[in-house]
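# Structural characterization, general
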Amino acid sequence: MVHFLHPALAPRNIALPDAEKDAQGSCVVQEEASPYSLVNICLDFLIANLEKLCSERSDGTLCLPEHWSFPQEVADRFLGVMTWQGKLTDRTASIFRGNQMKLKLVNIQKAKISAAAFVKAFCHHRLIELDATAVHADLPIPDIISGLCGNSWIQQNLRCLLLDSASIPRDSRLLSFGQLTGLRILSVFNVSFHSEDLADVSQLPKLESLDISNTLVTNISALLTCKDRLKSLTMHYLKCLTMTKSQILAVIRELKCLLHLDISDHRQLKSDLAFYLLQQKDILPNVVSLDISGGSYITDGAVELFIRQRPAMQFVGLLATDAGYSDFFTTKQGLRVAGGVSMSQISEALSRYKNRSCFMQEALYRLFTETFSMQVTMPAILKLVAIGMRNHPLDLPVQFTASACALNLTRQGLARGMPVRLLSEVTCLLFKALKNFPHCQQLQKNCLLSLTNSRILVDVPFDRYDAAKFVMRWLCKHENPKMQTMAVSVISILALQLSPEEATQLQEELFIAVKELLAIVKQKTTENLDDVTLLFTLKALWNLTDESPAACKHFIENQGLAIFIHVLETFSESAIQSKVLGLLNNVAEVRALSSELMAEGVVKHVSSLLQSKEMEVSYFAAGVIAHLTSDSQPWRSRGLQRSALLQDLYATVQNWPSSTCKMMALVTYRSFKAFFPLLGNFSQPEVQLWALWAMYHVCSKNPSKYCKMLVEEEGLQLLCDVRERSGADPQVQQIAASILDDFRMHFLNYRSPPLC
């Protein structure tokens, strides 16, 4: 028996994204709220069942069925999804051997495959793009290049090669990119790439875009070789550069075809190259995109003058600089700014720097400040925060700041305007961060605060087992009153959402939580303080003991009965009484423990509350008495008392209004199994009457749930037996017949066993 309470939090005034004012937000809502495409659903199924669908070669690798064939676009997406899900290994990559798959755009980011598997699976295809970003060290760059150059078609036609953060063995010789004559785009960010390698790459006849950021390049003069064809150059954080600023600018001045230049640096490095670049009038005449984020001494005036001299500019990066405040940056048509001054600048920064942790952290910090009192839903921003968290799972500053931003963007009412799928992803990323940084208390606090959101806690899919485990442990380690209140409120709802199997796995945490919750109840009762923490704690204990004999046993062993009797003696509020009686109902349902409730103090208080004017208090008191009196054995020496209780029970239920009446407490049940022994107790119609009234009450409130439950738990036959039983109590039979009639009315189209 449980009491499901949604936190009564007043929603904010929410403005859902308007396509005219917030095109990105509107697009994200539409995308996230739409069902997954049929192609993606099929690919997910194939990947999940790959072992079953494929045969195995003698070397242990997988092989597709002979008659299977994939179009190129589907094959590319199939590989991309496998890589995204972390399912690409030597064993699974082998399905791309042969000609059943025709690949062009190969994405093996972060995959753990060997060089031999890479060559066999991918290097016979006609590839035009390869993304090997952060691929495992088992596949170093020299082996990637060697494999690609083994195919003459790839040599001439591979257009794009991304090798960011890939490895190079220390004893490796000069990288030989020169054979890949079709390359237009090359990225070697964060790679052991030297000036000699740059000289080799600069001779590629079709090279247009190059990223040499965070490499070991000491001299960029080799770029003059490709000055007439290089259109995009990214070279932030060239930590080994030995050239003077004037020498660097002299090279850049010759790159007259450049459309994009990125010389951004983290502010901590205090680079002033951008400052001197902005002073040049005869440089970058055709540039449309300039990234100088993190540069020192950058001013609005200098940037504005530079852009006015180049009116075709479409983007400027100013994050972590002193620029971006001028009205010029908001009024200039067609100019996008990545900065930290406004939401539009921050949004651009989050999008541009999603793979750069230092700038992601900076942008998230600015976002946190901007969203501290946010009143409008911003799903596009939340999605960018999620991307940042996903791309930098082991970066504590990013995870910590992102968790705070996620909290600001989903505060209570704001979450109601967010797509469920997006909220689910963010919540799962928060728990991933908790596992990666278990000792960061503020990160834990942010996660707990997010869980107090009723929208997330009730509607959003996430691992509730992990969540319950985390919150129970948090409760036992922290004594801050506000955090304690939030923790118990979350536990009270999560407890309802755990399966019996999951609850069993939480035995250790459950024992500690019950003990801690009882300590809170005892303290509040001693202080005569009936605050919200007490109410949440009573509710949490009630829900934790629902259909959990182990939790009920922990409750008894930790002097729970004595504490709860003290609660009843101290407080007369019906909200408190109903929660106490609700838990006692749960204990009474456990045959091995019900005798513990027959102590004089318990029976006295429960029987006195049977006549309560508050419907829910009387209802729960009747439930305790029904379960206690259903078995005559423990009452052998107290037969008169049992008879009196049964008479009071029968009279009380008869005096209740119709079973369809409303109660303040929202009563729900996981199952009807605890009622079945009461229904079959024909020697005690008083007990049957209460059980039937309770069943009829919830069936009338939520017929779709409980009528279905009657079928699944085979309770219909029991009701038929009660209705047809000769000599049964007329009122009992009448309620049983009413439930069956309601069943027919609400489930005429439900596939169920024939009614008696």
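Check the entry above for the structure.
From a predicted model like this one, the values you see are computed outputs, not experimental measurements.

### Description of the overall build of the protein chain
- Of regular secondary structure, the protein chain possesses 37 helices and 14 strands.
- With respect to the principal axes defined by its C-alpha atoms, the protein chain has extents near 105 × 65 × 50 Å.
- The burial tally for the protein chain puts 55% of its 756 residues in the buried class.
- For the protein chain, the share of sequence-separated contacts (at least 6 apart) that also reach a separation of at least 24 residues comes to 70%.

### Quick look at the nonpolar core
- Core analysis: the largest hydrophobic core is formed by 163 residues, its most contacted members being Leu367, Phe564, Tyr619, Phe672 and Trp690.
- A total of 11 residues in this core trace back to one element, the largest contributor, which is helix α34 (residues 685-701).
- Excluding residues that lie within four positions of it along the chain, Phe564 makes contacts with Leu518, Val521, Leu538, Leu541, Phe555, Val580 and Leu583.
- If you look at the next biggest cluster of nonpolar residues, it comprises 98 residues, including Val135, Leu139, Leu163 and Ala323.

### Quick notes on the packing of helix α31 (residues 615-629) against α34
- Relative orientation of the contacting elements α31 and α34 amounts to 135°, with a least axis distance of 9 Å. When the axes of α31 and α34 are compared, the pair comes out oblique. Once α31 is placed against α34, the crossing between them reads as left-handed. Across the interface between the two elements, Met615, Tyr619, Ala622, Gly623, Ala626, His627 and Thr629 from α31 touch Val687, Trp690, Trp693 and Ala694 from α34.
- Tallied by class, the residues present in the contact of α31 with α34 amount to eight nonpolar, three polar and no charged.

### Comments concerning the packing of aromatic side chains
- All chains considered together, the criterion is met by 25 aromatic pairs.
- Centroid distance Phe431 to Phe470: 6.1 Å. Interplanar angle 85°. Geometry classified as edge-to-face. In this pair, Phe431 sits in helix α18 (residues 420-436) while Phe470 sits in helix α21 (residues 464-477), placing the two residues 39 residues apart along the sequence.
- Judged by relative accessible area, which is 8%, Phe431 ranks as buried.
- Between Tyr619 and Phe620, the ring centres sit 5.2 Å apart and the planes meet at 75°, which makes this aromatic pair edge-to-face. Here the two residues Tyr619 and Phe620 agree in accessibility, since each one is buried.
- Connected via pairs of aromatic rings, a cluster forms that spans Trp542, Tyr619, Phe620, Trp656, Tyr669, Phe672, Phe675, Trp690, Trp693 and Tyr706.
- Sitting over the ring of Tyr237, Lys239 keeps its end group 5.4 Å from the ring centre.

### Digging into the pattern of salt bridges
- Inspection of every chain in the model, using the stated rule, returns 24 salt bridges.
- Of the charged contacts, one joins Lys383 and Glu32 as a salt bridge, the two residues approaching to 3.0 Å between their closest N and O atoms. Here the residue Lys383 occupies a position in helix α16 (residues 379-391), and Glu32 occupies one in helix α1 (residues 23-33), the gap between them amounting to 351 residues.
- For Lys383, a relative accessible area of 17% puts it in the buried group.
- Residue Lys708 pairs with Glu712 through a salt bridge whose shortest N-O separation is 3.9 Å. In this pair, Lys708 and Glu712 both sit in helix α35 (residues 703-712), four residues apart, roughly one turn of the helix.
- Exposure remark for Lys708: the relative accessible area of 36% places this residue in the partly exposed category.

### Concerning a positive patch on the surface
- There is a patch of like positive charges on the surface, built from Lys104, Arg159, Arg184 and Lys206.
- By secondary structure assignment, the location of Lys206 is in the loop between α9 (195-201) and β8 (209-211).

### What about the sheet that holds strand β13 (residues 336-338)?
- Reading across the sheet, the 10 strands line up as β4-β5-β6-β7-β8-β9-β10-β11-β12-β13 and stay open at both edges, with parallel pairing between neighbours. For this open sheet the edge positions go to β4 (105-107) and β13, each flanked by a neighbour on one side alone. Averaged over all pairs of adjacent strands, the angle between their axes in this sheet comes to 5°, without regard to strand direction.
- Bridge count for β8 against strand β9 (residues 232-234) is three bridges, and the pairing is parallel.

### Some points on the packing of helix α26 (residues 549-557) against helix α28 (residues 574-588)
- At a minimum axis separation of 9 Å, α26 and α28 run at an interaxial angle of 115°. Judged by the inter-axis angle, α26 sits roughly perpendicular to α28. For the pair α26 and α28, the crossing hand works out as left-handed. Contacts between α26 and α28 pair Cys552, Phe555 and Ile556 from the former with Leu583, Asn586 and Val587 from the latter.
- Of the residues that constitute the contact of α26 with α28, the class distribution is five nonpolar, one polar and no charged.

### Some thoughts on the side chain of Asn151
- Among the secondary structure elements, Asn151 is positioned in the loop between α7 (141-149) and α8 (152-157).
- Here Asn151 is in contact with Cys123, His124 and His125, once residues within four sequence places are set aside.

### Overview of helix α24 (residues 507-526)
- Between the first and last C-alpha of α24 there are 28 Å, a value that for 20 residues agrees with the 28 Å anticipated at 1.5 Å per step.
- Those residues of α24 hidden inside the fold are in contact with α21, α22 (481-497), α23 (500-505), α25 (532-544), α26 and α27 (560-570).
- Of the residues one or two after α24, Asn528 is the one with positive phi, at around 55°.

### Considerations on helix α10 (residues 245-254)
- Looking at α10, one finds that the buried residues are Ile248, Leu249, Val251, Ile252 and Arg253.
- The elements touched by buried residues of α10 are β10 (260-262) and α11 (273-278).

### Topic: a nonpolar patch on the surface
- Taken together, the side chains of Tyr36, Leu38 and Ile41 define a hydrophobic patch exposed on the protein surface, amounting to about 350 Å² of accessible area.
- Mapped onto the secondary structure, Ile41 falls in helix α2 (residues 38-48).

### A look at the environment of Gln399
- Along the chain, Gln399 falls in helix α17 (residues 396-409).
- Contact partners of Gln399, with chain neighbours within four places excluded, come to Met389, His392, Pro393, Leu429, Ala433, Phe437 and Leu443.

Thresholds applied
Residues numbered from 1 in each chain as written. Predicted model: local features only at pLDDT ≥ 70, side-chain atom pairs only at ≥ 80, totals over all residues. Heavy atoms only, no water. Helix = DSSP H or I, 4+ residues; strand = E, 2+ residues; numbered from the N terminus. Buried < 20%, exposed > 50% of the residue type's maximum accessible area, 1.4 Å probe, protein only. Contact = heavy atoms within 4.5 Å. Core = buried A, V, L, I, M, F, W, Y, C linked by side-chain atoms within 4.5 Å. Axes fitted to C-alpha atoms, helices over the stretch in contact; angles between N-to-C directions. Parallel < 35°, antiparallel > 145°, perpendicular 65-115°, else oblique. Left-handed = near helix turned anticlockwise from the far one by under 90°. Nonpolar A, V, L, I, M, F, W, Y, C, P; charged D, E, K, R; others polar. Phe/Tyr/Trp six-rings, centres within 6.5 Å; stacked < 30°, edge-to-face > 60°. Lys NZ or Arg CZ within 6 Å of the ring centre and 35° of its normal. Salt bridge = Lys/Arg side-chain N within 4 Å of Asp/Glu carboxyl O. Patch = residues over 30% accessible without salt bridge, like charges linked within 9 Å, V, L, I, M, F, W, Y side chains within 5 Å. Areas by Shrake-Rupley, 256 points an atom, 1.4 Å probe, with all protein chains shown as cover. Lys, Arg positive; Asp, Glu negative; His and termini not counted. Charge placed at Lys NZ, Arg CZ, Asp CG, Glu CD. Pairing = 2+ DSSP bridges. Expected span 1.5 Å × (residues − 1).

From the geometry alone we can't say anything about function, so treat these as descriptive.
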